[in-house]
Amino acid sequence: MEPKNLPIDQVLVVLRERAKELNCLYQVEEVLAGEEVPLPGIFNALIRTIPSGWQYPDICRARIVYRDQSYQDEDYVPTAWRDSAEIREEDELVGSLEVSYTREVPGVDDGFFLLKERKLIKTIADRIGQTIFHRKLKRLLHEWETASRDLAEKKNREWMVITELVRRTDEKLYLHISRKMIYYLFWNGVGEARQFLGKFGGEFVKNEPEPEFDANSPSFKQSREKLIEISDQVFSIAARNLSDNEILQCLQKWIHENKISFLIKTIDSGGTALSAIIDAILRYRAIAGDRMVLAPSTEKWLRVSLIRRFFSDTIEFINIAKRHLEVSDFFDLVTRIIFHAGSNGKLGGKSSGLLLARHILLKQPDEEGLFAGIKVPRTWYITADSISEFLRHNDLEDINEQKYKDPEQVRIDYPNIIQLFKNSHFSSEIVKGLSMALDDFGDKPIIVRSSSLLEDRVGTAFSGKYKSLFLANQGPKQKRLSALLDAIAEVYASVFGPDPIIYRAEQGLLDLHEEMGIMIQEVVGTRVGPYFFPAFAGIAFSNNEFRWSPRLRREDGLIRMVPGMGTRAVDRVSNDYPVLVSPGQPALRVNVSPDEIRHYSPSWIDVINLETNCFETISVIDLLRTYGEEIPAVHQIVSIYRDGHISRPSGFDIDFKSGDLLVTFEGIITRTTFIRRVRSILTALENGFGMPVDIEFASDGVDFYLLQCRPQNTGEDSAPSPIPRDIPEDRTLFTARRYISGGRVPDITHVVWVNPRKYGEMESLEMLTDVGRAIGRLNAVLPKRQFILMGPGRWGSRGDIKLGVQVSYSDINNTAVLIEISMKRGTYSPELSFGTHFFQDLAETGIRYIPLYPDDRDVVYNELFFTGSRNMLPDILPEYAHIADTLKVIDIPGRMGGKILKILLNAELGESIGYFDEPEAAAESSIVRPRPHEAHGEEYWRWRLHMAEQIAGQVDASRFGVRAVYLIGSTANATAGPDSDIDLLFHVDGTREQREALSVWLEGWSLSLSEMNYLRTGYRSHGLLDVHMVTDRDIENRTSFAVKINAVTDPARPLSMKRPAS
Amino acid sequence: MESKSYNPFNMAQAQFDKVAEMLDLEAGVRDLLREPMREYHFTIPVRMDDGAVRVFKGFRVQHNDARGPAKGGIRFHPLETIDMVRALSMWMTWKCSVVDIPLGGGKGGVVCDPHHLSAREQEQICRGWVRQIARNVGPVQDVPAPDVMTNSQHMLWMLDEYETIHNGRFPGFITGKPVGMGGSLGRTEATGYGLIYTLREALKEHEVDISRTSASVQGFGNVAQHAIRLYDHLGGKVVAIACWDQSDKTSYTFRKKGGIDLKELLDITDKFGGIDKNKARDSGYEVLPGDAWLEQEVDILIPAALENQINRDNAGKINPRVRFIAEGANGPTTPEADEVIKKNGIFVIPDFLANAGGVTCSYFEQVQCNMNYFWEKQDVLDKLDSKMTSAFSAVSELAKRKKLYMRDAAYVIAIDRVAQAVKARSWV
């Protein structure tokens, strides 16, 4: 800043200098503006102009250095009196501008140059830099314009831009797409292309570039150049023959595909190892992310390949799966598969079903938010062929012969096989994989489930045949790992167990190659005290085969739910009941009165005990009393029973200690979206699979988990039977068309028929009650599950006896089918009970229910058979001969010449028929193996009964002094288990020696039977007979077991002997 | 319908006729009492959950209300049973009369099966029933109660509808309500205790010290458990209990000669009323076949399970020591067995009287409701005691005086009281 009051001449000096600088600047600008002049010319002009701006122009010289080139006067010499500034092009230092005085000049300010001059030089240098940059840009723009003009001359095709781009940036890809283009042209019949291929085709193929790596050898490079040339020609041909759009699309497709070509190649080749596939998929995920970068057809093909690879080759499954699964759905899956080197990847039926179900649900439109919260527990998979690898690894291949051996042999071998497997080793890849899995699971309990290849065939019910094992999974990692390996070994061993082998033999599946995948799934639940269990769990069916009301339709479905683990809902358990609800009509309950609700509510709960590492069954009441409040969702699970009234608990306080609490799930059913959600799931899955399904679910009180999903091929006992159409009327006993469930009962030998008309006409209360009592006796005496009960409606009514036969469940529990006949009274048909009085008992034991409406058109009711057949009642129960008019027992083989009655039910057609036919063959084999249609556990007592009959039939009465033989105990009651004794009662009247001889004789039997039992069931015992002997005196005095003979309830059952005692 | 077939109403009338003969009632009285005085039949339209409308048939039979408002249950049952209902309404009259509570007899119902109805639909039926009959029932006219396939929830719906129609709170309109909503305390114990009150009186009359008696009980449900508790408390010793085993589907008798321990057994009883036989065995009980209860060497038999348990097949097996039978169940003894029992001179407290504790407590519920004041449980039980005692004395005294079998004496007293009432009102 200059002081204001300067002398005028100084001001003039300053002004003059300013004018000079400005002038200089103008001139510099003029020079720089000369666009046509090349840079050197500009610089030269500049060095002449610049000095004019300085104080002493005539001794001032300038120099410009640009990119190592120097522009200056010949006599330029840098002196001590100089200044310089940098020339920068954008940010790059490209040169400098220098100004110096040739002679010494007086100093000013702090140097030799005025401040303004210093600024000036910088300014000029900047301007020079900008100008240089500006010129460069202009040049580029010019170039580009030229290029575009060129392209415009070539009619400006978009795809050409692409090919140009590719050509410049990725030669390999360029060659690839050009090759594809020529083939494409060839396929489209372009003549030029054919010639072209002929000319250069060989070279093309011969020199195909490797996609994986760069070869830098010169010779390769050379032929590459040639190929590029060829490729250019290809595109010219294309340009001439195809539309722009077509070419563009092709290019896009091929370029995209190229990106994932690795994936396609890997998947498609059948022999590729699983690890390679998994790597490929993960790479693809990294590349593609969530966007779909594939053409639809490619994507579909890829999907199907993946489905075939991991899930199943069966066309039915593929058809369903390909509609619902996407490639991205496999991403998560592949990170959780454990496999050995060389595995082909199939996971087995159970895994497939679950995954498919999950993805079907994820893709549902979800307005109500019902699908959003559905979870699937963390699951790891072991491929199905790992079992073969396991066998191979341990040199155990000959185990595969087991399936062709005798059932007995299989049973003997089986425990050894289990031990053998447990002591064998897994390959290190599997162990590593499992270790990773355990890290993922942490220390939550897990379940090891089988997932066999044969399980995914529609129509086979392998449920329960292979093992599932629960592991508490607590403790140090090593311990958990060895427990897991142990469990897997055991599941593997179960493939070679007698039950599955027998089942497969029966189904004709023995020769199919069976491999077993493993699903390791986290158990849903929370910890309460020492126990771990879900709040509730169960199984839901699309079709309800056990309808308790005519208002229920089959499509309304069925849910069986229990507190704790779902094992008690999936299997039928004796003496305990799940809660039944129909999702389509949740308001129609099985049990309506408080007593019924109480009677049929679950008493037991399955849990995992984390402290003892065991799977346990404990009492619900005990659990509630001890841990009440801690149980998740307990307020929605229980109801309170007080004074004959059931109410939901107030949310606030429940008296766990002394209240009478029942598990009813009332809160869950009425106050949450659970029912609607299950219904939506079942509907969605049924639509997705194209057939009814059943699902296993569990909840930890907060979230809903889907555990399993499979087609509802139904249990063996409710599969629809084909209804034969050609049975003549005289061999038909009845047909029915309303409210039919499924199943078949093929071997009825007796019919107990209550004449509906006569029953209604009975004169006294005594006689009516006698009917009920007689039926109770018949129930104990007739061969179990080989007789049926038929009578007027409402069996089991309490109260008005005229309304129905007065029986309780125990009076009818041995029947195979309960048939209620509704006959018109005047103008209306009485409503049948559908067995509601003991519905859940019927359901749990598999007793079928059929309502008959003989007055309907188109149904057959062979009344003549009933009225015309001989009544066995007076023979069996002489004390009830007086009601023989009303109550009839008909011996079918006797009446129909050896034929028996078969009842077939087909729920889908809604038809049922009972007709007479020859008995099915293989009567003896049923002694050895359980009958397929029987409820679990039937085979034990049947076999024991058979044996008892053998003993009785063979005992030498005179030798041993035996008057009569009776059967008592669990075999007589048909409740024998695999480890039960056979209780025999001998009425003897001989000498002591005879008694001893009899004992010895029986001991021999007992030991043999014990061995046979072991072969059949694996249970060991010391003797299977429990023998009691009574004398005449005992009988007279009715002491000890003699009282059972001719007892009113639970009587001893007489067995027929060879010869009657004298 | 069919003329000769079993008709419960005819049976009830025949029973009445026999007693009327004994009482030598005038023809007019007989004609009046052997028929129900009023019967209402009506239709109840209900909109079902699926939108369709179903029309249900409802009815109420009031047999006789000379002694007080009619009392009797409402049942839901799918078959038309008007004869049964008539018979039951008649029996209600006699029952209320024998225990000397100021009520008449009635019965009603709706033809439906609640198993095939949703809760909402059942509610509609209950309310519909009340709407149809609201003019003719009420706390001072006809007091319904729960019966076959109805429960306290139905009672509450009906009460609510009644109160809406009549604009007030009338808890005394209907009984069987839960405690806290108008129900009476002591209801659960009432039948069992009532049974023992009568037994106690019977023993007193026969000068038997209750604390030196032993009993055998059939059944282990509500009635049996409370009866045993009170009997124990009074000093008696229960030696055997027969109950049903759910898993074995048969009954067993559990015997401990020194006397059973009720608490111990309750601890091992499941919710079905079945005693765990293994645990019982471990605790020192003998496990005998189910029928053995009848044959025990005890003084008293208490059948408190099902009907027809003592019949011609087993009546002969009753131990000669048995001197008393207190019928806790309904109809546990068949007429043939009755003959055998009579012959052996066993004193029977008939079911009619012995298990009237329930209906008495029902009456108490009504009383408390009408006062809108609810008693403590002990008050209820004390009042029950005095009622049952006086009822028993009246019957027993008549039986002694007129040398009647107890069962007959009970009927005689019941019918006589009603006859007196209708005459007092100059209806006949």
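Attention in this report is confined to the structure presented alongside it. The shown structure was predicted, so the numbers you read here are calculated from the model rather than taken from an experiment.

Along the backbone of chain A there are 35 helices and 35 strands. Of all 1062 residues assigned to chain A, the portion counted as buried reaches 54%. Counting contacts in chain A only where the partners sit at least 6 residues apart, residues at least 24 apart contribute 72% of the total. As presented, chain A carries roughly 48,100 Å² of accessible surface, and 50% of it is formed by carbon and sulfur atoms.

Residue and element names in this part refer to chain A. Together, Asp395, Glu397, Asp398 and Glu401 make up a region of like negative charge exposed at the surface. Of note, glutamate 397 is situated in the loop between helix H14 (386–393) and helix H15 (407–422). The class of glutamate 397 is partly exposed, set by a relative accessible area of 39%.

Residues and elements named next belong to chain A. Spatial strand order, S19-S18-S20: 3 strands in an open sheet with antiparallel pairing. Across the chains shown, the open sheet's two edge strands, defined by having one partner strand only, are strand S19 (645–647) and strand S20 (661–663). Direction aside, the axes of adjacent strands within the sheet are offset by 35° on average. Two elements, strand S18 (residues 638–642) and S19, share 3 bridges in a ladder whose sense is antiparallel. Directly across from isoleucine 640, in S19, lies its bridge partner serine 647.

Residue and element names in this part refer to chain B. One can describe the packing of helix H6 (residues 187–205) onto helix H12 (residues 357–371) by two numbers: an axis separation of 7 Å at closest approach and a directional angle of 140°. With respect to each other, H6 and H12 are oriented oblique. Pair H6 / H12 crosses with right-handed handedness. Contacts from Arg187, Ala190, Thr191 and Gly194 in H6 reach Gly357, Gly358 and Cys361 in H12. Partitioning the contact of H6 with H12 into residue classes produces 2 nonpolar, 4 polar and 1 charged.

Turning our eyes to something else, we now look at the packing of aromatic side chains. The full count for this structure, using the stated rule, is 35 aromatic pairs over all chains. A ring pair is formed by tyrosine 56 of chain A and tyrosine 101 of chain A, whose centres lie 5.6 Å apart and whose planes are at 70°; its orientation type is edge-to-face. With tyrosine 56 of chain A in the loop between helix H2 (39–49) and strand S1 (60–66) and tyrosine 101 of chain A in strand S4 (residues 92–101), this residue pair connects regions lying 45 residues apart in the sequence. With a centroid separation of 6.0 Å and an interplanar angle of 70°, the aromatic rings of phenylalanine 324 of chain B and phenylalanine 347 of chain B are classed as edge-to-face. In this pair, phenylalanine 324 of chain B is assigned in strand S11 (residues 324–326) and phenylalanine 347 of chain B in strand S12 (residues 347–349), connecting sequence segments 23 residues apart. With respect to class, phenylalanine 324 of chain B is no different from phenylalanine 347 of chain B; both count as buried. Connected via pairs of aromatic rings, a cluster forms that spans Phe390, Phe421, Phe426, Tyr492 and Phe496 of chain A.

This brings us to a nonpolar patch on the surface. Nonpolar side chains collect at one region of the surface, where Ile8, Val11, Leu12 and Leu15 of chain A lie side by side and expose about 390 Å² of accessible area between them. Mapped onto the fold, leucine 15 of chain A is located in helix H1 (residues 8–32).

Judged by nonpolar contacts, the single largest core of 88 residues is most densely connected at Trp94, Leu199, Ile302 and Ile349 of chain B. It is helix H14 (residues 406–424) of chain B that contributes the most residues to this core, 12 residues altogether. In terms of domain composition, this core takes at least three residues from each of domain 1 (37–173) and domain 2 (187–354) of chain B. Aside from chain neighbours lying at most four places away, what touches isoleucine 349 of chain B is Thr198, Leu199, Ala202, Ile325, Ala326, Glu327, Ala354 and Phe392 of chain B. In this structure, Ile277, Leu623, Leu661 and Phe697 of chain A belong to the second largest nonpolar core, which totals 78 residues.

Reading the values: rules and limits
- Residues numbered from 1 in each chain as written.
- Chains lettered and ligands numbered in written order.
- Predicted model: local features only at pLDDT ≥ 70, side-chain atom pairs only at ≥ 80, totals over all residues.
- Heavy atoms only, no water.
- Helix = DSSP H or I, 4+ residues; strand = E, 2+ residues; numbered from the N terminus.
- Buried < 20%, exposed > 50% of the residue type's maximum accessible area, 1.4 Å probe, protein only.
- Contact = heavy atoms within 4.5 Å.
- Areas by Shrake-Rupley, 256 points an atom, 1.4 Å probe, with all protein chains shown as cover.
- Patch = residues over 30% accessible without salt bridge, like charges linked within 9 Å, V, L, I, M, F, W, Y side chains within 5 Å.
- Salt bridge = Lys/Arg side-chain N within 4 Å of Asp/Glu carboxyl O.
- Lys, Arg positive; Asp, Glu negative; His and termini not counted.
- Charge placed at Lys NZ, Arg CZ, Asp CG, Glu CD.
- Pairing = 2+ DSSP bridges.
- Axes fitted to C-alpha atoms, helices over the stretch in contact; angles between N-to-C directions.
- Parallel < 35°, antiparallel > 145°, perpendicular 65-115°, else oblique.
- Left-handed = near helix turned anticlockwise from the far one by under 90°.
- Nonpolar A, V, L, I, M, F, W, Y, C, P; charged D, E, K, R; others polar.
- Phe/Tyr/Trp six-rings, centres within 6.5 Å; stacked < 30°, edge-to-face > 60°.
- Core = buried A, V, L, I, M, F, W, Y, C linked by side-chain atoms within 4.5 Å.
- Domains from an automatic or database assignment.

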